[in-house]
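These are the residues of each chain, in order.
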Amino acid sequence: MFGMSLPEIIVILVIAVLVLGPDKLPEALVKFAKFFKYFKAQVSSAKSNFEQEVRIAELKADAAKLKSSVTDISSNVRKKLTFEELDELKKSASDFSEELKNSLDFSQTNSDNENSRIPSENSRIPNENSRISSENSQNQVLDKLNSDPLNNKIDEQKAGKNV
């Protein structure tokens with residue numbers, strides 16, 4: 001106990017009996033036991049508090065690492081989604097440009113045909129039909145743009161950024 005051997009403990013007890021006397025010795029031993037018990041409880045409490053603080057620090061470090069990895073993963077997912085959306089946007093833009101070129105070529109072909117024909121009552125009917133079909137194809141292109149979910153999603157994202 002405390003690095004003392006049995007003879008040293010006996011010497012301390014003999015000195016305690018001589019100094020305190022047989023009347024005060026039991027009270028002193030009770031007080032010493034209570035102090036030792038209190039000291040032991042305080043050391044145990046400090047040790048458990050220290051261990052708890054260490055565990056909390058480790059949990060905070062683990063949470064920070066987890067948060068960092070989740071943030072990295074979510075940014076990677078967003079980048080992939082953004083690139084996929086960009087590819088879809090490019091595809092829809094190229095489709096739109098092709099349809100627009102086709103409708104322009106169709107309109108130019110019809111206007112060339114109008115100029116080359118001799119105006120007569122019968123020739124006006126096909127020209128009216130081609131003008132109507134040209135307007136219909138332009139309306140179809142506009143309807144396709146309005147119904148394109150990618151364009152709607154981009155508009156929603158722009159609206160979300162403005163808020």
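Residues numbered from 1 in each chain as written. Predicted model: local features only at pLDDT ≥ 70, side-chain atom pairs only at ≥ 80, totals over all residues. Heavy atoms only, no water.

K.L.:
Hey, could you run me through the overall build of the chain in this one?
P.N.:
Each helix and strand in the chain was counted, giving three helices and zero strands. Secondary structure elements of the chain occur, N-terminal to C-terminal, as α-α-α. Here the chain holds 163 residues, and 9% of them are scored as buried. Of the roughly 14,000 Å² that the chain leaves accessible, carbon and sulfur atoms contribute 62%. (Helix = DSSP H or I, 4+ residues; strand = E, 2+ residues; numbered from the N terminus. Buried < 20%, exposed > 50% of the residue type's maximum accessible area, 1.4 Å probe, protein only. Areas by Shrake-Rupley, 256 points an atom, 1.4 Å probe, with all protein chains shown as cover.)

K.L.:
Explain the packing of aromatic side chains here, please?
P.N.:
When we look at a pair of aromatic rings, we describe it by the centre distance and by the angle of the planes. One pass over the full model with this rule turns up two aromatic pairs. Considering the side-chain rings of Phe32 and Phe36, the 6.4 Å spacing of their centres and the 20° angle between planes classify their relative orientation as stacked. With Phe32 and Phe36 both in helix α1 (residues 6-116) and four residues apart, the pair spans about one turn of that helix. Seen from their ring centres, Phe35 and Phe39 are 6.3 Å apart, and the 20° between their planes marks the pair as stacked. Highlighted residues: Phe35 and Phe39, both in helix α1, separated by four residues, approximately one helical turn. (Phe/Tyr/Trp six-rings, centres within 6.5 Å; stacked < 30°, edge-to-face > 60°.)

K.L.:
How do you make sense of a nonpolar patch on the surface when you look at a structure like this?
P.N.:
Judged by side-chain polarity, Leu6, Ile10, Val11, Val14, Ile15, Leu18, Val19 and Leu20 come together as a nonpolar surface patch covering roughly 790 Å² of accessible area. Within the secondary structure, Ile10 is located in helix α1. For Ile10, a relative accessible area of 45% puts it in the partly exposed group. (Patch = residues over 30% accessible without salt bridge, like charges linked within 9 Å, V, L, I, M, F, W, Y side chains within 5 Å. Salt bridge = Lys/Arg side-chain N within 4 Å of Asp/Glu carboxyl O.)

K.L.:
What is the right way to look at the confidence of the model for the chain in this model?
P.N.:
Detailed reading of the predicted coordinates is not advisable wherever pLDDT falls low. Per-residue confidence for the chain averages 75 on the pLDDT scale, and 63% of its residues sit at or above 70. Across the chain, the secondary-structure element scoring lowest on mean pLDDT is helix α3 (residues 149-162), at 56, and the one scoring highest is α1, at 84. Taken as a whole, residues 120-126 scores under 50 in pLDDT and shows three contacts with residues more than four places along the chain or in a different chain. (pLDDT = per-residue confidence, 0-100. Contact = heavy atoms within 4.5 Å.)

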